[in-house]
Amino acid sequence: MVNTEHLIICEHCDCVYEKVVLAKHQKTLCVRCGGVLQRFNGLTIEQRLALTFTAAMLWLFANFYPVMSISLKGMKNSATLWDSVLALSQGPITFIAMVAAIAIIIAPAFQLVLLVWVLSFALGLRRAPAFNLCMRWLETLRPWSMLEVCLLGAMVAVFKLAGLLDVLPGIGLFALAVLSLMMIRIAGRDIRELWDIL
């Protein structure tokens, strides 16, 4: 009888492999399609929880501090992520405002709440109540969280407007940049390791 706990399935071609223990900087690739099966993570539960709390603070900075400030002939204006969603909602494509709100505000917030919930219990090597549901939601929300796309758009806007107006990147933009990197680190594919640990 095969022990399925030690098996891993390639998410691209459904090929089945045995899990291996990885050293630092190592990863395993699918022989058939070349997709990444495993990556060395190296984060303990304590480190992941600390990074999650840090990311939650950065989420607050990114959402409530201006992403950029624009000034022209003495007139100044600044915008937060919420302001950009509200501006989109008043235009002809209101649906885009809802997608933007989910991708850059709501999905990351839910990811952080779920991570804090799961990791807080994981500190005591216990499964959180509704662990399976939380892990499924974390996996479902991962493609919807598009902070890096928002960051790229904001940076393009800063460079494009810099020749026409006085543009000053705000605290929100710097927080968004660091938050994007941290979300990739703590809520990426390696979150699945919690299934094995717990």
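In what follows, the structure referred to is the one given above.
Residues numbered from 1 in each chain as written. Predicted model: local features only at pLDDT ≥ 70, side-chain atom pairs only at ≥ 80, totals over all residues. Heavy atoms only, no water.

Trainee: Please clarify how the overall build of the protein chain should be interpreted in this entry.
Mentor: Scanning the protein chain from N- to C-terminus turns up 7 helices and 7 strands. For the protein chain, the N- to C-terminal ordering of α and β elements is β-β-β-β-α-β-β-α-α-α-α-β-α-α. Taken along the three principal axes of its C-alpha coordinates, the protein chain extends 75 × 40 × 35 Å. Out of the 198 residues belonging to the protein chain, those deemed buried represent 37%. Considering only contacts within the protein chain whose residues lie at least 6 apart along the sequence, 59% involve residues at least 24 apart. (Helix = DSSP H or I, 4+ residues; strand = E, 2+ residues; numbered from the N terminus. Buried < 20%, exposed > 50% of the residue type's maximum accessible area, 1.4 Å probe, protein only. Contact = heavy atoms within 4.5 Å.)

Trainee: I tried to follow the packing of helix α2 (residues 81-89) against helix α3 (residues 94-122) on my own but got confused; where do I start?
Mentor: The description of two helices packed together rests on the angle between their axes and the distance between the axes. At a minimum axis distance of 7 Å, the contact between α2 and α3 shows a crossing angle of 160 degrees. Judged by the inter-axis angle, α2 sits roughly antiparallel to α3. Taking contact as the criterion, the partners of Leu81, Trp82, Val85, Leu88 and Ser89 in α2 are, on α3, Thr94, Ile96, Ala97, Ala100, Ala101, Ile104 and Ile105. For the contact of α2 with α3, the per-class residue count stands at 10 nonpolar, 2 polar and no charged. (Axes fitted to C-alpha atoms, helices over the stretch in contact; angles between N-to-C directions. Parallel < 35°, antiparallel > 145°, perpendicular 65-115°, else oblique. Nonpolar A, V, L, I, M, F, W, Y, C, P; charged D, E, K, R; others polar.)

Trainee: Looking at this structure, I do not really get the nonpolar core. What am I missing?
Mentor: Looking at soluble globular proteins, one finds that nonpolar side chains tend to be buried together. With 45 residues, the main nonpolar core has Leu179 and Leu194 as its most contacted residues. A total of 13 residues in this core trace back to one element, the largest contributor, which is α3. Excluding its chain neighbours within four sequence positions, the residues that come into contact with Leu194 are Ile45, Val118, Leu119, Phe131 and Met135. Counting 7 residues, the second largest nonpolar core, distinct from the first, contains Cys10, Cys13, Tyr17 and Cys30. (Core = buried A, V, L, I, M, F, W, Y, C linked by side-chain atoms within 4.5 Å.)

Trainee: It is not clear to me how helix α6 (residues 171-186) should be interpreted in this structure. Could you clarify?
Mentor: Each α-helix turn comprises 3.6 residues. Residues three or four places apart therefore point the same way. In this model, α6 (16 residues) spans 22 Å end to end at C-alpha, consistent with the 22 Å of a helix rising 1.5 Å per residue. Within the sequence span of α6, burial applies to Gly172, Leu173, Ala175, Leu176, Leu179, Ser180, Met182, Met183 and Ile186. Tucked into the core, α6 has its buried residues touching α1 (45-64), α2, α3, α5 (147-161) and β7 (166-169). (Expected span 1.5 Å × (residues − 1).)

Trainee: It is not clear to me how the pairing of strand β5 (residues 68-72) should be interpreted in this structure. Could you clarify?
Mentor: Regular strands place side chains that alternate from one sheet face to the opposite one. Two elements, β5 and strand β6 (residues 75-79), share 5 bridges in a ladder whose sense is antiparallel. In the sheet register, Leu72 faces β6, and the bridge partner there is Met75. Between β5 and the antiparallel strand that follows it, β6, lie 2 residues; Lys73 among them carries a positive phi value of about 50 degrees. (Pairing = 2+ DSSP bridges.)

Trainee: Is there a simple way to explain the packing of α1 against α6 in this structure?
Mentor: Contact geometry for α1 and α6: axes closest at 8 Å, N-to-C directions at 150 degrees. By the angle between their directions, the pair α1 and α6 is classed as roughly antiparallel. With respect to the hand of their crossing, α1 and α6 are arranged in left-handed fashion. Seen from α1, the contacting residues are Arg48, Leu51, Thr52, Thr54, Ala55, Leu58, Trp59, Phe61 and Ala62; seen from α6, they are Ile171, Gly172, Ala175, Leu176, Val178, Leu179, Met182, Arg185 and Ile186. Of the residues assigned to the contact of α1 with α6, the class counts are 13 nonpolar, 3 polar and 2 charged. (Left-handed = near helix turned anticlockwise from the far one by under 90°.)

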